[in-house]
Amino acid sequence: MNHADEMADGEISSVISRHIRASFDDNSLLAEVGLHSLSVLRIASELITDPDQEIDPTGLAAVHTVGELRQWLRGLLAPKENLR
Amino acid sequence: MTVASQAATATLPLTAAQKGLLVVHRTVPVPHLYNVLAELELDPAFAPADLATALTDVLAVQPALRLAIREGADPHAVLGDAPSDAPLHHITTTATEFDRRRTELLAELGGTAFDLTRSPLLRTALLRTADGTRSTLLLVVHHLVFDGFSLRQFVRDLTAAVKGVLDVETVRTARERALRRELDAQLQSAGDDETERVAKALADRLRATAATVLNPRPNRPVTTGFTGTRREIRLTSRQSAGLDRLCATLGVSPFVLFSAAYAAVLARHSSNTAVVFGSPVMARRTLGSFDLCGFFVNTLPLIVDVPWDAPFDVFVKETVQAEAGRARAAAAVSFDRIVRHVDPDRTTNRNPVFSCMLALQDAAEAEAGSVVRRVREHGNGTAKFDLWLGVTPGPEGWSLELESDRELLPEPLVDALAASLRTVLDRTVAQPGQTVADLFVDTSPEDSHAHDGFRRRLPQPDLYSAVRAAAKARPGQVAVEEDDCRLTYAELDRLATAGAVTLAARGVARGTVVGLTTTTLVDTTVTVLAVLACGAVFLPLDLGLPADRLMYMTGKADCRLVVGDVPVGGVDLLTPAELTAGPQGMASDEPAAAKASDGVYIMFTSGSTGRPKGVLMNSGPLMNLTEWQLDALDMDEHTRFLQYAPLGFDVSFQEILPTLIAGGTLVSREPADRRDLPAVVERVRAHRVTHVYLPVAALPAFVRAALDAGDELPHLSYVCVSGEQLLIDDRVRRFFADRPHLCLVNLYGPTETHAVTTHRLSIDNRPWPSHVPIGRPISDVAAHVVDTTGHLAPRGVPGELYLAGACPALGYVNDPARTTERFLPDPYADDARARMYRTGDQVMRDESGVLLFLGRDDDQVKIRGYRVELGELESAAASHPDVRLAVGVVHGEGHERRLALFFRPEDGRSPDPDGIRRHVAAALPSYMVPARVFPVDAVPTTRNGKVDRAALAAQAQRALTDDARSASAATTTTDDPLVAALQQMWANLLGLAEVPVDRSLLEYGAHSLTVMAAGARIEEEHGVQIPILDFFRDPTIQAQAAWITTLREDA
């Protein structure tokens, strides 16, 4: 994991923590900790300021746990050229 | 304020979802169907002028609200200039008038269509009280530019504008860019291969799933006017918290939990195990789009299998969660793309893929300190779906709203749906581990016991003593009337008592079974009464049945004595003359009264295992039926009831005994043949008959015959019918409309219970439906409708009919196994000994509680009113040594309904289908003989391994159609042009390619109704009338040609 990744992970964790009031770990189900699809999108827009950033609903539908959310956000934060 | 816009008149593409919506908008008859109506309750202290300014700012920063639509070859949107003043209408009213004005304004805004070519597609009205205590902003926007999520953004922008923190210029530029970017992303994703693959997969699953139809009544309207009504189901904060806890425990979202509850409710109310409903899925793809108003949703179907026996929590987690995930993952699939792949029936103006909808609404909660205090969405008196469930979270808990189509779902049925939904949600929280079926409860105990209110109590304890009482009251009155014989009550009583003495001398006692092959009404009536006087049981034996079958019946019923002119098998015979020749002085003792449990008659009906079943009917149900009938059919000493039914049909009981008990006159049908309806009508007229009881199949012919005869039938009061589903056409309607003194009574009841429900059609309840209900139970009869969940069904929900109370027979004679299978303890009764009969008939109660017959859930069918177990036909065919497997099917509708038999030969054998048909005909009554017999190499099966009768029925129907098609080219086997013309006519009538000229037409599917039709055509073409009986005497084409020739010569 390079420095940029570490930075991103730190940011992701802090935003996730702001949105979840209960205790959780990576295996916690989003529904269990009170995160619904809209709050996930809110988390994404707090992390990413680029309004052009696309969200693929198929990918988002596969996100069920906090760990998967972290992974999905990491994908969104990755430099654009890697996505295309 | 004027905002200079760089975007003036810019062209924007429409998304697939928008185009699809545009198509629907153009095809529905309601131009305001897609008006989104909302209300923002405002802080009343807020100045109206400031609101107008804020609203103008919102229009500036929300490009979608400035769109106009251009239709045509290339539909697109045009982005308009930001207006200098928002379209805000100010209304001031008094505090007392406020709510009324609010309702009026909502109706006006919601009901007024937009001109899509003119932006903004939004109208607002600010309603305030003059005293400044209340203020509300009413808002209507066209759905093409606004989805549920848009409301949240609208409120946010409005709040920001009011607070003065909305940087209009900067935000406007950014939002217009965001809109373009979002549209690009949508168009790009809609066209990709993955979206196409997902759409195809969804369509495949949809095609394999039956449509979810609520209120699946016959003749349900195919098109509607889209008028709707909304109701709220408010959950308490405690209930809401319970649901939230359950979501957390199960690890599912509220959408998944509500989807599961909704799916279960839909499955119950549509009587399906797999349901389809739509749900809007957010299709926004760019992060910037979440600040935009706009129409960025696709409505996707959820296809949910509802396993009744699975624990609800497992169902939620395993089935529904997976399905919800599939729907979300398919967010890019537009509805029109699914429709293209499904290729559904488009003859309806309803949504072609799903008729029910679930929308988890976004909580557009007001921010603290905001000018907007509360946000609500409203219905606008329309319904896009048969049923729509909106679920919205709020500060006090979940709020549920049901919007329903007024035409398709009458109010009481929506009550029932709402009750089911509430029950499921309550019970889910209490016990999430119980089975899906057990989330429901019995819902219609009152309906089960509601009856039609008719009853005239008899003072006598049994049928026989009631007849005797009538005889004593009017000894000189004619009891039985034949053409050459009129029997008074005194004579009837004398003969019956003499007969009873003779029977007793022959060992007949309480419970002894006596067969009847009597041929005249007088003999039959006397014998029946003599048997009843002994407390014995009569067994009608129709001499037209195959000898083997008669032998089986007498053997099974332990019948050792037959009264009649013809012996049956080895059973002792007593002629009617011998019966009444006994010593007459010994009958002065009144016989002991029959108990309710004493048997009265045995009637055999078709049995699925290949042998007929003998129903042993007892006194209790028959006394109850008689008491109902005396009142319901206004029976008294003036009653003249035509005895039409064969004695082997339970209907004959209703003709004979209640008439005698009423002191009326029983009029013999003879010499008119039962199938010769013109002769029957003539007899009804000539003998001033007041009551007739016909099989449903004979009603059209009866009506036609009366019309042809120009007969008003002034003495007739009641026309009763039963036997199968009564369908009424315009001719029948007109016939009764022109004779308002006639009441048409539709009766329903299996042999195992006798007639138990009735529906009356009279001048008071027009218009008459074409599919006539079977009505309401008679007094003391309970009709339980048990639905797919195993509970008493609410109104509008199909289920199996169980008949209880004073109607189930004792059982099948000498057949305890089958008796136990169909006659069950009645769990809904207070009395532990109460029994109910499981009919196997699918029925439902309509919104007023009236029962509608829907069909059978097994292989029992009705052919021209006769009950036929396909199993019995199959057993008869399979007894042929060359037949390995036989499958009977019924195909065609109404009077065109026919039996067909498919058989798979034994290996290496290839028997002639006609030979198989003859083999069957030798063993079964003629109505059970299939019209066509087809050999097959293999019998098709359904996905779950059952014989696919539907496929075979379709095959039989195709064969008929093919035959009919090729008939035009068929050659005749005759040089006689008259014979050839008749042959052609019969081929058309029977739907066959060729009909032999020298064989019985009855063997080729002709029956009384086709014979009637043939008679009419012959009269039209040849100018002669062939008496219907002559047809039946020699039902061949050659014979008809000979008659026509003779009649012409005579003329």
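Residues numbered from 1 in each chain as written. Chains lettered and ligands numbered in written order. Predicted model: local features only at pLDDT ≥ 70, side-chain atom pairs only at ≥ 80, totals over all residues. Heavy atoms only, no water.

Caption draft 1: Up close: the overall build of chain A. A count of helices and strands for chain A gives 5 helices and 0 strands. Scanning chain A from its N terminus toward the C terminus, one meets helices and strands in the order α-α-α-α-α. Taken across its 84 residues, chain A has 40% of its residues classed as buried. In chain A, of all internal contacts separated by at least 6 residues, the share reaching a separation of at least 24 is 69%. Carbon and sulfur atoms make up 51% of the accessible area of chain A, which amounts to about 4,600 Å² in all. (Helix = DSSP H or I, 4+ residues; strand = E, 2+ residues; numbered from the N terminus. Buried < 20%, exposed > 50% of the residue type's maximum accessible area, 1.4 Å probe, protein only. Contact = heavy atoms within 4.5 Å. Areas by Shrake-Rupley, 256 points an atom, 1.4 Å probe, with all protein chains shown as cover.)

Caption draft 2: A look at the side chain of B:Asn272. Along the polypeptide, B:Asn272 turns up in the loop between helix H8 (254–270) and strand E9 (274–282). Accessibility expressed as a relative area gives 17% for B:Asn272, which makes it buried.

Caption draft 3: The nonpolar core, seen in detail. Residue and element names in this part refer to chain B. In this structure, Leu463, Leu503, Leu529, Tyr601, Leu657 and Leu660 are the most contacted members of the largest nonpolar core, which totals 85 residues. Looking at this core, the element that brings in the most residues is helix H15 (residues 521–533), giving 9 residues. Contacts of Leu503, omitting those with residues within four sequence positions, involve Val508, Ala530, Val531, Cys534, Leu561, Val563, Leu574 and Leu579. The next biggest cluster of nonpolar side chains, apart from the first, holds 73 residues, and it includes Ala60, Leu121, Leu122 and Val372. (Core = buried A, V, L, I, M, F, W, Y, C linked by side-chain atoms within 4.5 Å.)

Caption draft 4: Structural view of the confidence of the model for chain B. Per-residue pLDDT for chain B has a mean of 90; in total, 95% of the residues score no lower than 70. Counting interchain partners and residues more than four positions distant, the pLDDT-below-50 stretch residues 1–8 of chain B has 22 contacts. (pLDDT = per-residue confidence, 0-100.)

Caption draft 5: Just helix H18 (residues 619–632) of chain B, in detail. Residue and element names in this part refer to chain B. With 14 residues, H18 extends 20 Å between its outermost C-alpha atoms, agreeing within 8% with the 20 Å of an ideal straight helix rising 1.5 Å per residue. For H18, a buried count of 12 out of 14 residues is recorded, marking the element as mostly surrounded by other parts of the structure. Taken together, the buried positions of H18 are occupied by Ser619, Pro621, Leu622, Met623, Asn624, Leu625, Thr626, Glu627, Trp628, Gln629, Leu630 and Ala632. With its phi angle positive at about 50 degrees, Asp634 sits one or two positions after the end of H18. (Expected span 1.5 Å × (residues − 1).)

Caption draft 6: Focus on unusual backbone geometry. Residue and element names in this part refer to chain B. The residue after Glu670, namely Pro671, is reached through a cis peptide bond having omega 15 degrees. Topologically, Pro671 is positioned in the loop between strand E24 (665–668) and helix H20 (677–686). Of note, Leu713 is a non-glycine position whose phi angle comes to about 50 degrees, a positive value. Residue placement: Leu713 occurs in the loop between helix H21 (699–708) and strand E26 (718–722). Taking the relative accessible area as the measure of exposure, Leu713 reaches 2% and is therefore buried. Look at Asp780: it is not a glycine, yet its phi comes out positive at around 70 degrees. Along the polypeptide, Asp780 turns up in the loop between strand E29 (776–777) and strand E30 (781–786).

Caption draft 7: Quick peek at the state of the cysteines. Residues and elements named next belong to chain B. According to the stated counting rule, one finds 0 disulfides over all chains in the structure shown. Cysteine Cys807 remains unbridged, with the sulfur of Cys720 as its closest cysteine sulfur at 18 Å. A residue is classified by how much of its surface remains accessible, and Cys807, at 1% relative accessible area, is buried. (Disulfide = S-S within 2.5 Å.)

Caption draft 8: Quick look at the sheet that holds strand E39 (residues 898–905) of chain B. All names here are of chain B. Strand order in the open sheet made by the 3 strands is E38-E39-E40, with mixed pairing throughout. The two strands at the open ends of the sheet, each matched to only one other strand, are strand E38 (883–891) and strand E40 (932–935). Across the sheet, the mean angle separating the axes of adjacent strands is 20 degrees when strand polarity is ignored. (Pairing = 2+ DSSP bridges. Axes fitted to C-alpha atoms, helices over the stretch in contact; angles between N-to-C directions.)

Caption draft 9: The arrangement of the packing of aromatic side chains in detail. Residue and element names in this part refer to chain B. All chains considered together, the criterion is met by 16 aromatic pairs over all chains. With a centroid separation of 6.1 Å and an interplanar angle of 75 degrees, the aromatic rings of Trp308 and Phe440 are classed as edge-to-face. Of this pair, Trp308 sits in the loop between strand E10 (297–305) and helix H9 (312–329) while Phe440 sits in the loop between helix H11 (411–430) and helix H12 (445–449), and the two are 132 residues apart along the sequence. Each of the two residues, Trp308 as well as Phe440, counts as buried. Ring plane angle 85 degrees and centroid distance 5.1 Å describe the contact between Phe735 and Phe736, whose orientation is recorded as edge-to-face. Exposure remark for Phe735: the relative accessible area of 0% places this residue in the buried category. Using a relative accessible area of 1% as the deciding quantity, one classes Phe736 as buried. Note that Arg123 overlies the ring of Phe114, its terminal NZ or CZ placed 4.1 Å from the centroid. (Phe/Tyr/Trp six-rings, centres within 6.5 Å; stacked < 30°, edge-to-face > 60°. Lys NZ or Arg CZ within 6 Å of the ring centre and 35° of its normal.)

Caption draft 10: Local environment of the sheet that holds strand E4 (residues 76–79) of chain B. Residue and element names in this part refer to chain B. Across the sheet, which stays open at both edges, the 3 strands sit in the order E1-E4-E3 with antiparallel pairing between neighbours. Sheet topology places strand E1 (10–13) and strand E3 (67–70) at the edges, where each strand pairs with a single neighbour. Each strand axis lies, on average, 35 degrees off the axis of its neighbour in the sheet, ignoring direction. Looking at chain direction, E1 and E4 are connected through 4 bridges and run antiparallel. Of the residues in E4, the one forming a bridge with Thr11 is Val78.

Caption draft 11: Local environment of the interface of chain A and chain B. Contact with chain A, which involves 22 residues of that partner, is made by 21 residues of chain B. Summed over both partners, the interface of chain A with chain B comes to about 1,900 Å²; 55% of that surface belongs to carbon and sulfur atoms. For the salt bridge of B:Arg177 with A:Asp52, the shortest nitrogen-to-oxygen distance reads 2.8 Å. Summed over the shared surface of chain A and chain B, the number is 7 residue pairs in polar contact (both at pLDDT 80 or more). The greatest single-element share of the side of chain A that touches chain B, amounting to 6 residues, is contributed by helix H2 (residues 37–47) of chain A. When grouped by side-chain class, the residues that make up the side of chain A that touches chain B number 11 nonpolar, 4 polar and 7 charged. (Buried area = accessible area lost by both parts, 1.4 Å probe. Salt bridge = Lys/Arg side-chain N within 4 Å of Asp/Glu carboxyl O. Polar contact = N/O pair within 3.5 Å; in protein donor to acceptor, adjacent residues only side chain to side chain. Nonpolar A, V, L, I, M, F, W, Y, C, P; charged D, E, K, R; others polar.)

Caption draft 12: Fine view of the pattern of salt bridges. The final tally for this structure, using the stated rule, is 55 salt bridges over all chains. Here B:Glu396 and B:Arg234 are joined by a salt bridge, their closest N and O atoms 3.9 Å apart. Note that B:Glu396 is positioned in the loop between strand E13 (387–394) and strand E14 (397–405) and B:Arg234 in strand E8 (residues 228–234), a separation of 162 residues in sequence. With a shortest N-O distance of 3.2 Å, B:Asp907 and B:Arg884 are connected by a salt bridge. Here B:Asp907, found in the loop between E39 and helix H25 (913–923), pairs with B:Arg884, found in strand E38; they are 23 residues apart in sequence, far enough to count as distant. The network of salt bridges with shared partners includes A:Glu54, A:Asp56, B:Arg181 and B:Arg285.

Caption draft 13: Fine view of the packing of helix H2 (residues 48–61) of chain B against helix H4 (residues 148–163) of chain B. All names here are of chain B. As a packed pair, H2 and H4 sit with axes 9 Å apart at the nearest point and diverge in direction by 125 degrees. The orientation of H2 with respect to H4, classified from their angle, is oblique. The crossing of H2 and H4 is right-handed. Contacts between H2 and H4 pair Leu51, Ala54, Leu55, Asp57, Val58 and Val61 from the former with Phe154, Asp157, Leu158, Ala161 and Val162 from the latter. Class assignment of the residues belonging to the contact of H2 with H4 gives a composition of 9 nonpolar, no polar and 2 charged. (Parallel < 35°, antiparallel > 145°, perpendicular 65-115°, else oblique. Left-handed = near helix turned anticlockwise from the far one by under 90°.)

Caption draft 14: Fine view of a negative patch on the surface. All names here are of chain B. Together, Asp708, Glu1019, Glu1020 and Glu1021 give the surface a local cluster of negative charge. It is helix H28 (residues 1008–1022) that contributes the most residues to the negative patch, 3 residues altogether. When you line up the elements, Glu1021 lands in helix H28. (Patch = residues over 30% accessible without salt bridge, like charges linked within 9 Å, V, L, I, M, F, W, Y side chains within 5 Å. Lys, Arg positive; Asp, Glu negative; His and termini not counted. Charge placed at Lys NZ, Arg CZ, Asp CG, Glu CD.)

Caption draft 15: Representation of the side chain of B:Ser355. All names here are of chain B. Among the secondary structure elements, Ser355 is positioned in the loop between helix H10 (335–342) and strand E11 (356–360). On the basis of relative accessibility, which here comes to 13%, the residue Ser355 falls in the buried class. Setting aside its immediate chain neighbours within four residues, Ser355 contacts Thr212, Phe385, Asp386 and Leu387.

Caption draft 16: Region of the structure containing the environment of B:Asp452. Residues and elements named next belong to chain B. Along the chain, the position of Asp452 falls in the loop between H12 and helix H13 (463–473). Sequence spacing of Asp452 and Thr757 is 305 residues, and the spatial spacing of their C-alpha atoms is 8.5 Å. The contacts of Asp452, once residues within four sequence positions are left out, are Trp628, Thr758, Arg776, Pro777, Ile778 and Ser779.

Caption draft 17: Region of interest: the domain arrangement of chain B. Considered domain by domain, chain B is made up of domain 1 (10–187), domain 2 (192–438), domain 3 (860–959) and domain 4 (977–1050). Summarising the inter-unit geometry, the C-alpha centres of domain 2 of chain B and domain 3 of chain B are found 43 Å apart. (Domains from an automatic or database assignment.)

Caption draft 18: Here's a closer look at the packing of H13(B) against helix H14 (residues 489–505) of chain B. Residues and elements named next belong to chain B. Interhelical geometry of H13 versus H14 gives an angle of 140 degrees and a closest axis separation of 9 Å. In terms of axis orientation, H13 runs oblique to H14. Like other packed secondary-structure pairs, H13 and H14 cross with a definite hand, here left-handed. Contacts from Tyr464, Arg468, Ala470 and Ala471 in H13 reach Tyr489, Asp493 and Thr497 in H14. Taken together, the residues of the contact of H13 with H14 sort by class into 4 nonpolar, 1 polar and 2 charged.

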